[in-house]
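Here's the letter readout for the chains.
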Amino acid sequence: MASIDILGRNIPVEFMTGSEPQLVMDEAAILEKLEEMAALIDSKAWPDQYADAFRIMNKIVFFEGMIEVDGHEVERPGCDQDDAIFYWRSKEFTDNPQNDVHGNTFFHDCWHVVQFRAAGDYARGEDEQVAREIDAINQQIAVGEILGNDEYELGYLRGFRDDQQRIKDRLREGIDKAGPHPTGFPQKE
C-alpha cells in the first residue's frame, strides 16, 4: 500500500473504485500531488494543535464512484471520524492542482477527528453540527493562511462559514446520500 509522511507521521494511502465511476484514477499522479502537499505542510512551522491535527488521520482513501463505508453508500468526500480515515474523491483532488488548497482541505477533516475525540462522540443535533463545522472552517482558514492560500480561497471559506444555510445544506447532503450521520458516514453502534 502506498503512503505519505506528514510531519513525521506515515499515513497509508489507498485507492477505491466504486460503482459508476466518472473517471479512472491516475494513482501515480495523485500520489505525486499528495507528496507535494505533504512537502508544503512539512515546510511550515506549526503550532502544536495544528501539527497534532495533521498527524491524526490514520489513512487517506482516494475514491471514484459510489463506495460503501461502514454499510452506507458514499459518493462525496468526508471523514470517518472514529476510524480517522479521510475519503477524498479523486476528481475533487485532481481538479484543483493547488497544494495549499489540498493541505487546507485535508486539515479540515483532520480537525473533525480532533473534535470527535475531544467530545467523545459525533455532533448531536443540528446546532452542534453547525457549530463544529464553523469551528473547523475557522481552523481551516488559520491553516490556509499559513499554507499561503490566496484571498479568493480564504474569502470562499469565510463566505461558507458565514452562511449557516449553506452549511446546513452541505450537512443535509451527507445525510441524504449516506444515512444518519451528517458527514456522510454512519455512527458506530
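Computed from a prediction, not measured in an experiment: that's the story for all the values here. (Residues numbered from 1 in each chain as written. Predicted model: local features only at pLDDT ≥ 70, side-chain atom pairs only at ≥ 80, totals over all residues. Heavy atoms only, no water.)

Enquirer: Where do I start with the overall build of the protein chain in this structure?
Expert: Helices and strands together make up the secondary structure of the protein chain, namely 7 helices and 7 strands. Seen in sequence order, the protein chain has helices and strands lined up from the N terminus as β-β-α-α-β-β-β-β-β-α-α-α-α-α. In terms of overall dimensions, the protein chain is globule-like: its C-alpha atoms have a radius of gyration of 16 Å, near the 16 Å expected for 189 residues. Seen through its C-alpha atoms, the protein chain measures out along the principal axes to roughly 40 × 35 × 30 Å. Out of the 189 residues belonging to the protein chain, those deemed buried represent 48%. (Helix = DSSP H or I, 4+ residues; strand = E, 2+ residues; numbered from the N terminus. Rg over C-alpha atoms; globule rule 2.2 N^0.38 Å. Buried < 20%, exposed > 50% of the residue type's maximum accessible area, 1.4 Å probe, protein only.)

Enquirer: Would you mind going over the layout of surface pockets with me for this structure?
Expert: Gaps between atoms show up when a probe of the same size as a water molecule is rolled over them. Of the volumes computed, that of the largest pocket is approximately 1,000 Å³. What lines the largest pocket is a set of 40 residues, and nearest its centre among them are R76, P77, E92, T105 and R170. Every element with two or more residues in the lining of the largest pocket is listed here: strand 7 (85-89), helix 3 (90-95), helix 4 (99-119), helix 5 (125-147), helix 6 (151-161) and helix 7 (164-178). Sorting elements by how many residues they give to the lining of the largest pocket places helix 4 first, with 7 residues. Partitioned by chemical class, the residues of the lining of the largest pocket number 15 nonpolar, 12 polar and 13 charged. (1 Å grid on protein atoms, 1.4 Å probe; cavity = no way out; pocket = protein on both sides within 12 Å on 5 of 7 lines; lining within 4 Å. Points joined across faces, edges and corners; volume = space filled by probe spheres on them. Nonpolar A, V, L, I, M, F, W, Y, C, P; charged D, E, K, R; others polar.)

Enquirer: Just to check I follow, could you spell out the confidence of the model for the protein chain for this structure?
Expert: It should be kept in mind that the predicted coordinates are not to be read in detail where pLDDT is low. Residues with a pLDDT of 70 or more make up 92% of the protein chain, whose mean pLDDT is 89. In this model residues 175-189 is a low-confidence stretch, pLDDT under 50, and it forms 45 contacts with partners more than four residues away in sequence or in other chains. (pLDDT = per-residue confidence, 0-100. Contact = heavy atoms within 4.5 Å.)

Enquirer: In this structure, what is going on with the sheet that holds strand 3 (residues 59-64)? I would like to understand it.
Expert: Two modes of strand pairing occur in sheets, parallel and antiparallel, and in both the strands are linked by backbone hydrogen bonds. In spatial order, the strands read 1-2-3-7-6; together these 5 strands make up an open sheet with mixed pairing. Each end of this open sheet is capped by a strand with a single partner; those strands are strand 1 (2-6) and strand 6 (78-80). When the angles between neighbouring strand axes are averaged without regard to direction, this sheet yields 25°. Note: strand 3 against strand 7, 5 bridges, orientation parallel. Each residue of the ladder has a partner; that of F63, found in strand 7, is R89. Relative to strand 1, helix 1 (residues 27-42) is tilted by about 15°, and along the sheet it contacts strand 1, strand 2 (9-17), strand 3 and strand 7. (Pairing = 2+ DSSP bridges. Axes fitted to C-alpha atoms, helices over the stretch in contact; angles between N-to-C directions.)

Enquirer: Where do I start with the pattern of salt bridges in this structure?
Expert: A pair can form between side chains of opposite charge whenever their charged atoms are brought close. Within this structure, the stated rule accounts for 11 salt bridges. Its salt-bridge partner being E14, residue K59 comes within 3.0 Å of it at the nearest N-O pair. Note that K59 is positioned in strand 3 and E14 in strand 2, a separation of 45 residues in sequence. Note that K33 is salt-bridged to E36, the shortest N-O span being 2.9 Å. Of this pair, K33 and E36 both sit in helix 1, 3 residues apart, which is roughly one turn of the helix. By relative accessible area, which is 22% here, K33 ends up partly exposed. (Salt bridge = Lys/Arg side-chain N within 4 Å of Asp/Glu carboxyl O.)

Enquirer: Would you mind going over the side chain of H108 with me for this structure?
Expert: Tracing the backbone through its elements, the reader meets H108 in helix 4. What makes H108 buried here is its relative accessible area of 10%. Excluding residues within four positions of it along the chain, H108 makes contact with E133, A136, I137 and Q140.

Enquirer: How should the environment of R55 be read in this particular structure?
Expert: Tracing the chain through its elements places R55 in the loop between helix 2 (48-54) and strand 3. Residue R55 is classed as partly exposed on the basis of its relative accessible area of 31%. Apart from residues lying up to four places away in sequence, R55 is in contact with I6, L7 and R9. For R55, the side chain forms a polar contact with the main-chain oxygen of L7, separated by 2.7 Å. (Polar contact = N/O pair within 3.5 Å; in protein donor to acceptor, adjacent residues only side chain to side chain.)

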